Amino acid sequence: MRSVPLPPLVPRLTLPDRQGQRREAGRGLLRKPLPLPTVPELPRRDVVFGYSAMDHTGRIIDKLIMASLGWKPGLKVGSDVREGLIVIAPGAGQRMRRLGERCQVSVPARVRQACRIEGPERVLLAGFPRRQVLLVHPAALLGHLTADLHAAVLGGGA
């Protein structure tokens, strides 16, 4: 019995293949690659976003945000509510709290109640390193802020 080698399943790449042109199957004709979608330019580069869970005690942990702010465990930060957002900053607010050993922020119960956060909830975080401020967007506020955009994308009905 004699074995016959099979042809390769994946054809070899030619120079046009490596330069982004593709062949049509079976014809050897070259096609241009599909165009990439255009992504809008971000208007701001001074803000770092994160999405995190706030537990039932008000703790939030996001390593990327804390690293961008340069905040370290033990730093005293205060919380306040402005325009429905939780504003957290060093030296801000009435009751100061220290960041935990994993750099977790603890939002006081009175602040959570003022923003209608009654239990565990996912929140949008916006860190502003130059200003040394962390803004926490509660889910209810996000729903309100994005309602018109969602209705437009979904054809008028959300």
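One structure accompanies this document, and this report is about it. Just so it is clear, the structure is predicted and the values come from calculations on it, not from any experiment. (Residues numbered from 1 in each chain as written. Predicted model: local features only at pLDDT ≥ 70, side-chain atom pairs only at ≥ 80, totals over all residues. Heavy atoms only, no water.)

## Concerning the overall build of the protein chain
And step 1. In terms of regular secondary structure, the protein chain is built from four helices and ten strands.
And step 2. Starting at the N terminus and walking to the C terminus, you meet the elements of the protein chain as α-β-β-β-β-α-β-β-β-β-α-β-β-α.
And step 3. Out of the 158 residues in the protein chain, the part that is buried amounts to 28%.
And step 4. The long-range share in the protein chain, meaning contacts at least 24 apart out of those at least 6 apart in sequence, stands at 56%. (Helix = DSSP H or I, 4+ residues; strand = E, 2+ residues; numbered from the N terminus. Buried < 20%, exposed > 50% of the residue type's maximum accessible area, 1.4 Å probe, protein only. Contact = heavy atoms within 4.5 Å.)

## Focus on the environment of Ser106
And step 1. Tracing the chain through its elements places Ser106 in strand S8 (residues 105-106).
And step 2. Ser106 sits 51 residues away from Asp55 along the chain, and the two C-alpha atoms are 9.5 Å apart.
And step 3. Setting aside residues no more than four positions away along its own chain, Ser106 makes contact with Thr57, Gly58, Arg59 and Arg97.
And step 4. Separated by 3.1 Å, the side chains of Ser106 and Arg97 make a polar contact. (Polar contact = N/O pair within 3.5 Å; in protein donor to acceptor, adjacent residues only side chain to side chain.)

## So, the pattern of salt bridges
And step 1. Tallied over the full model, the rule gives two salt bridges.
And step 2. A salt bridge links Asp55 to Arg59; the shortest N-O distance between them is 2.9 Å.
And step 3. Its salt-bridge partner being Asp80, residue Arg82 comes within 3.9 Å of it at the nearest N-O pair. (Salt bridge = Lys/Arg side-chain N within 4 Å of Asp/Glu carboxyl O.)

## Quick word on helix H4 (residues 139-153)
Because an α-helix completes one turn every 3.6 residues, residues spaced three or four positions apart along the sequence face the same direction.
And step 1. Helix length check: H4 (15 residues) gives 20 Å between terminal C-alpha atoms against 21 Å at 1.5 Å per residue, within 8%.
And step 2. Helix geometry: H4 is bent most strongly at Thr146, by close to 50°.
And step 3. At the exit of H4 stands Gly155, carrying a positive phi of roughly 80°. (Expected span 1.5 Å × (residues − 1). Bend = angle between axes of the 7 residues up to and from the residue.)

## Details of the side chain of His137
And step 1. Tracing the chain through its elements places His137 in strand S10 (residues 133-137).
And step 2. You can call His137 buried: its relative accessible area is 12%.
And step 3. Look past the residues within four positions of His137 in its chain and what remains in contact with it is Leu85, Val123, Leu124, Ala126 and Leu142.

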